[in-house]
Amino acid sequence: MLDWWLPENVSTYGQEIDWLFHLIYYITGVTFVLVFVTMLVFLVMYRDRPGRRARYTHGNTTLEIVWTVVPALILVILTILSVPAWSKIKRTMPETDFVVQVTAKQFNWQVTYPGPDGQFGTADDKTLLDEMHVPVNKVVRVILKSQDVIHSFFVPQFRMKQDAVPGREIRQWFEVVKPGRYEWPCAELCGFGHSGMRGWIYVHTPDEYGKWAAQNLTAEAAPAAAEPKPEGTKAETTKAEPTKEGKAKK
Ligand SMILES: [Cu+2]
């Protein structure tokens, strides 16, 4: 019923987020209606009328216990219901051979592929700015880092959101079921240029991805990294395709 409300879900675990989101929306929606209807009824019932005097009442203990315990129980139940989604998305790490490193900085996403040797931190690593290319129907593991402040990796259609925290390497994963181009904003107010910090994730069919990788990730593809980069230094970046829109608006 609320499906029009959210961006299209293209992730394998999106359903598990969405039903919780909808459940919480229904609960808060019903609460909202009940509170406002009661308030409006009381406004009319207890309005000022000639000859009527205000009366002091101390309250109703039973009622107060009920409206404290019921919301507390709802919150506990919501917590319990969200445990399976949390453990599936955040706690388990499906096996995959597709790993990319994302280093957030003010105000870009730096996406590093391990290159043909499959190792990070070697001469054939390729780093792109504000764009990531992945194949469809493939578990993608992201090693998320930050070079300066807290940023937040967010792709609404993937139902994935994770802070990037300086000093930490956070592993996340996603698997997309529909090829396309998805906006990738930073969801943490990370500084002056925060609103311009966004990239694009291109989800390709396996064939298309193979072609893209052959053109952009092979040793001869681009003069990206001529020598190994010591950890923490600013990576050289290559623009794989002209995607100007990724860098618009500062
Ligand atoms: Cu940011």
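Computed from a predicted structure; not experimentally measured.

A.B. asks: Tell me about the pairing of strand E7 (residues 160-164), and name the residues and values.
C.D. replies: In E7, alternate side chains face the same way, and those of Met160, Gln162 and Ala164 are buried while those of Lys161 and Asp163 on the opposite face are not. Relative to E7, strand E6 (residues 151-155) runs antiparallel, the two sharing five bridges. The residue of E7 that forms the bridge with Phe154 is Lys161. Here E6 folds back onto E7 in antiparallel fashion, the turn holding four residues, of which Arg159 has a positive phi close to 60°.

A.B. asks: Run through the coordination of the copper ion, naming residues and quoting values.
C.D. replies: Protein coordination at the copper ion comes from His151 (ND1), Cys186 (SG), Cys190 (SG) and Met197 (SD), with a distance range of 2.1 to 2.6 Å. Taken together, the four donor atoms coordinating the copper ion and their angles of 91 to 123° define a geometry best described as tetrahedral. Counting the intervening residues between successive donors of the copper ion yields the motif H-x34-C-x3-C-x6-M. Of the two residues examined, Cys190 and Met197, each falls in the buried class.

A.B. asks: I'd like a description of the pattern of salt bridges, backed by residues and values.
C.D. replies: Summed over the entire model, instances satisfying the criterion amount to seven salt bridges. Between Lys145 and Glu169 there is a salt bridge, with the nearest N and O atoms lying 3.8 Å from each other. On the criterion of sequence distance, the pair formed by Lys145 in strand E5 (residues 139-146) and Glu169 in the loop between E7 and strand E8 (170-175) is long-range, its members being 24 residues apart. Judged by its relative accessible area of 12%, Lys145 falls in the buried class. Overall, Glu169 belongs to the partly exposed group, its relative accessible area being 44%. Shared partners join several salt bridges into a network, and the residues in it are Lys145, Glu169 and Arg171.

A.B. asks: Before we move on, could you go through helix H2 (residues 61-91) and cite the residues and values that matter?
C.D. replies: Between its first and last C-alpha atoms H2 spans 42 Å; for 31 residues at 1.5 Å apiece the expected length is 45 Å, and the two agree. Within H2, the axis deviates most sharply at Ser82, by approximately 35°, and proline Pro84 lies no more than four positions further along. If you check which residues of H2 are buried, you get Leu78, Ala85, Ile89 and Lys90. For H2, the elements touching its buried residues are helix H1 (14-45), E7 and E8. For H2, the side-chain oxygen to backbone nitrogen distance between the N-cap and Thr62 is 3.0 Å, and the N-cap itself is Asn60.

A.B. asks: Please set out the pairing of E5 residue by residue, giving values where relevant.
C.D. replies: E5 sits mainly inside the fold: eight of its eight residues count as buried. Of the two faces of E5, both are covered, the one formed by Val139, Arg141, Ile143 and Lys145 as well as the one formed by Val140, Val142, Leu144 and Ser146. Pairing analysis gives six bridges linking E5 to E8, with the strands arranged antiparallel. Pairing of Leu144 across the sheet is with Ile170, part of E8.

A.B. asks: Give me the lowdown on the sheet that holds strand E9 (residues 180-185), citing residues and values where you can.
C.D. replies: What holds strands together in a sheet is hydrogen bonding between their backbones, with the strands either parallel or antiparallel. Read across the sheet, three strands follow the order E4-E10-E9 without closing on themselves; strand pairing throughout is mixed. Both edges of this open sheet fall to strand E4 (131-135) and E9, since each of them pairs with a single strand only. On average, adjacent strands in this sheet sit at an angle of 20° to one another, irrespective of strand direction. Examined bridge by bridge, E4 and strand E10 (residues 198-204) share five bridges and lie parallel to one another. Along E10, the bridge assignment pairs His133 with Tyr202.

Rules used in this analysis
Residues numbered from 1 in each chain as written. Predicted model: local features only at pLDDT ≥ 70, side-chain atom pairs only at ≥ 80, totals over all residues. Heavy atoms only, no water. Buried < 20%, exposed > 50% of the residue type's maximum accessible area, 1.4 Å probe, protein only. Helix = DSSP H or I, 4+ residues; strand = E, 2+ residues; numbered from the N terminus. Pairing = 2+ DSSP bridges. Donors = N, O, S within 2.8 Å, 3.2 Å for Na, K, Ca; no water. Tetrahedral: all angles 85-135°; square planar, octahedral: opposite > 155°, others 65-115°. Salt bridge = Lys/Arg side-chain N within 4 Å of Asp/Glu carboxyl O. Expected span 1.5 Å × (residues − 1). Bend = angle between axes of the 7 residues up to and from the residue. Contact = heavy atoms within 4.5 Å. Polar contact = N/O pair within 3.5 Å; in protein donor to acceptor, adjacent residues only side chain to side chain. Axes fitted to C-alpha atoms, helices over the stretch in contact; angles between N-to-C directions.

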